[in-house]
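Chains, contacts and geometry: an overview
This is what each chain is made of:
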Amino acid sequence: MPSDRYAVIGHPVSHSLSPTIHTRFARQTGEDLEYGRLEPPEDGFAEAATAFFADGGLGLNVTVPFKAEARAWCDRVSDRAHRAGVVNTLTLQPNGWVAGDNTDGVGLVRDLTVNLDIGLAGARILLIGAGGAARGVLEPLLGETPADIVIANRTPARAEDLAGEFEADGPVRGCGFEALDHEPAFDVIINASAASLGGAVPPIPATAVARGGSVYDMMYGAKAEPFLSWGRESGATTAADGLGMLVEQAAESFLVWRGIRPETTAVLAALRADAGA
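What you see is a predicted model, and the numbers here were worked out from it, not measured in a lab.

Thresholds, definitions, all that
- In every chain, residue numbers begin from 1 and rise along the written sequence.
- pLDDT decides what is reported in this predicted model: residues at 70 or higher carry local features, side-chain atom pairs at 80 or more are listed and counted, and totals for whole chains, interfaces and linings draw on all residues regardless.
- Excluded from the side-chain calculations are hydrogens and water; all other atoms, namely the structure's heavy atoms, are used.
- Two strands make a pair as long as DSSP finds a minimum of two bridges between them.
- Labels follow the DSSP assignment, with helices taken as runs of H or I lasting at least four residues and strands as runs of E lasting at least two, numbered in each case from the N terminus.
- Two residues qualify as a contact provided that any one of their heavy atoms is within 4.5 Å of a heavy atom in the partner residue.
- Lines fitted to the C-alpha atoms define the axes, with helices restricted to the stretch that makes contact. Angles between their N-to-C directions range from 0 to 180 degrees.
- Any angle from 65 to 115 degrees is called roughly perpendicular, while one under 35 is roughly parallel, one over 145 is roughly antiparallel, and all others are oblique.
- Each helix crossing is assigned a hand: it is left-handed if the near helix lies turned anticlockwise from the far helix by less than a right angle, otherwise right-handed if that turn is clockwise.
- For this scheme, ten residues count as nonpolar: Ala, Val, Leu, Ile, Met, Phe, Trp, Tyr, Cys and Pro. Four count as charged, namely Asp, Glu, Lys and Arg, and the remainder, Gly too, count as polar.
- Per-residue accessibility, obtained with a 1.4 Å probe over protein chains only, is compared with the maximum for each type, and a residue is labelled buried under 20%, exposed over 50%, and partly exposed between these values.
- Each C-beta atom gives one direction from the helix axis, and the arc is the one those directions make.

With that out of the way, let us pick up the sheet that holds strand β3 (residues 59-62). The 6 strands lie next to each other as β2-β1-β3-β5-β6-β4, forming an open sheet whose pairing is mixed. Both outer strands of the open sheet, β2 (33-38) and β4 (76-77), are each paired with one neighbouring strand and no more. Across 2 bridges, β4 lies against strand β6 (residues 98-101) in parallel orientation. Paired with V77 across the strands is G100, a residue of β6. Against the sheet, helix α1 (residues 18-29) contacts β1 (4-9), β2 and β3, and its axis sits at roughly 175° relative to β2. On the sheet, helix α9 (residues 243-258) packs against β1, β2, β3, β5 (89-92) and β6 and is oriented at approximately 10° with respect to β5.

Relative orientation of the contacting elements α1 and α9 amounts to 55°, with a least axis distance of 10 Å. As summarised for this structure, α1 and α9 are arranged oblique, according to the angle between their axes. Of the two elements, α1 crosses α9, and the hand of that crossing is right-handed. Residues I21, H22, F25, A26 and T29 of α1 form the contact with α9, whose own contacting residues are L246, V247, A250, A251, S253, F254 and W257. Residue composition of the contact of α1 with α9, by class: 9 nonpolar, 3 polar and no charged.

Attention now goes to the environment of A147. Residue placement: A147 occurs in the loop between α6 (132-142) and β8 (148-153). You can call A147 partly exposed: its relative accessible area is 45%. For the pair formed by A147 and P171, sequence separation is 24 residues and the distance between their alpha carbons is 6.9 Å. Excluding its chain neighbours within four sequence positions, the residues that come into contact with A147 are G122, A123 and P171.

Turning our attention to helix α7 (residues 156-166). Along α7, the residues classified as buried are A159, L162, A163 and F166. Summarising the axial view, the buried residues of α7 lie within an arc of 100°, below the 170-degree limit, and thus occupy one face. Summarising the contacts, the buried residues of α7 are in contact with α4 (79-84), α6, β8 and β9 (172-176).

Strands sit in the order β9-β8-β7-β10-β11-β12 across an open sheet of 6 strands; the sheet is parallel. Looking at the sheet topology across the chains shown, the edges are occupied by β9 and β12 (238-240). Pairwise comparison of adjacent strand axes, ignoring direction, gives a mean angle of 20° for this sheet. Where strand β7 (residues 124-128) lies against strand β10 (residues 186-191), 4 bridges are found, and the strand directions are parallel. For I125, the partnering residue across the bridge sits in β10 and is V188. Against the sheet, helix α8 (residues 225-233) contacts β7, β10, β11 (209-217) and β12, and its axis sits at roughly 175° relative to β11.

These values are about where atoms sit, not about what they do.
The structure is reproduced here in structure tokens:
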């Protein structure tokens, strides 16, 4: 019998590490599956996803620029995908529906708390950016009971609006970058903005980093390095990119699909070793 089929869908997607990650997960857990890539044109998501599931595919990971469209396209969404506003995991249900989920937030929290041993309970957290990446992780971060989450964005109103949507979940507020000059230092600073795509660093004062604090960029590899270098120079003890988040969100997707959560430590170590080679 053919293997169960899964894939990542995005544009572009040739660079994606997801096939490598899920192939390692399958080998580790003994699950019989194959995992590929789908790269439709930017206006071709619905056609490609429909064809994939009609042809027997069981699940898709969704990456840029299709996460919002995937949420609108699927038949049902999980509570966490509803709050995140976007979908990164699609699963064919026995009744023929396609369910949408979002595993990014839990992936980030697991990387921070388990892999990096960064305590979030009682911490002051600065979340940079007010777009989809920030929205997708706010609820899980607030679930860790931080003392405070401040969302900083170039357009203060966007940060304030986003904070307002989640204020019932915990202590969160929004502001512009200039307001950070008057804030006490933060224990954890998470870059969820698109600045790293262009090699830029958000205009955050060095005083924003608490002594012994941590900085984290959701991008990984060379794109994250300018922000991480800024963090180290500003006194951060821990500076980490988002490769661990990528692996952890993939493990959560694997759990949704196969009912088993793979062990991530060895997979993450192997990817880091490959990147350093």
